[in-house]
Amino acid sequence: MHIIENDNDFRASERLSKGALKWIDTHYYAQQEGGTTKCIKHLRQKGYQIIATTPHEDDCFLEDFDITKKSAFFLGAEKKGVSKTVLNQADGFLRIPMWGTT
């Protein structure tokens, strides 16, 4: 898991994660200039396509997404979504529908 902390600090909720974070390798790009671009570059060098999750109507739906390609999914903050840097550098866009209030 790659965590980019441009505006907000990442805090994992132990109650929600149930300790899963101890088995996940994490890489932080904390408050560093160009952290998002550095993360994207690192993932591309590892062979990943960059997929931005967005709520736009014309994006690919989850059930139509090609899972055979090595992909890195970028999830944005709840209100702001992914950054313009991610949107501009993404190889594709994925829409994950949400129902209800949570």
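For the structure itself, look to the data block above.
What counts as what
- Residues numbered from 1 in each chain as written.
- Predicted model: local features only at pLDDT ≥ 70, side-chain atom pairs only at ≥ 80, totals over all residues.
- Heavy atoms only, no water.
- Helix = DSSP H or I, 4+ residues; strand = E, 2+ residues; numbered from the N terminus.
- Buried < 20%, exposed > 50% of the residue type's maximum accessible area, 1.4 Å probe, protein only.
- Contact = heavy atoms within 4.5 Å.
- Areas by Shrake-Rupley, 256 points an atom, 1.4 Å probe, with all protein chains shown as cover.
- Arc of directions from axis to C-beta.
- Core = buried A, V, L, I, M, F, W, Y, C linked by side-chain atoms within 4.5 Å.

A. Focus on the overall build of the protein chain. Counting its regular elements, the protein chain contains 3 helices and 6 strands. Here the protein chain, with 102 residues, has 26% of them falling under the buried criterion. Taking the intrachain contacts of the protein chain between residues at least 6 apart in sequence as the baseline, contacts between residues at least 24 apart amount to 65%. Put simply, the protein chain shows about 7,900 Å² of open surface, and 52% of that area lies on carbon and sulfur atoms.

B. Main features of helix 2 (residues 35-45). What helix 2 keeps buried is the set G35, T36, C39, I40 and L43. Angular distribution of buried residues about the axis of helix 2 spans 135°; they occupy a single face of the element. Seen from the buried face of helix 2, the exposed residues on the opposite side, beyond 90 degrees, are K41 and Q45. Residue G47 follows helix 2 closely and has a positive phi angle near 95°.

C. Highlighting the side chain of Q49. Mapping Q49 onto the fold places it in strand 3 (residues 49-53). What Q49 contacts, discounting residues up to four positions off in sequence, is F65, K69, K70, S71, A72 and D91.

D. Quick peek at the environment of T26. Tracing the backbone through its elements, the reader meets T26 in the loop between helix 1 (14-17) and strand 2 (27-30). Residues contacting T26, with those up to four places away along its chain left out, are M1 and I3.

E. The nonpolar core, seen in detail. The biggest cluster of nonpolar side chains holds 11 residues, and these are Y29, C39, I40, L43, I50, A52, A72, F74, V82, V86 and A90. Residue assignment for this core shows that the elements contributing at least two residues are helix 2, strand 3 and strand 5 (71-74). Not counting residues within four places of it along the chain, the set of residues in contact with F74 comprises I4, C39, I40, L43, I50, I51, A52, T53, V82 and V86.

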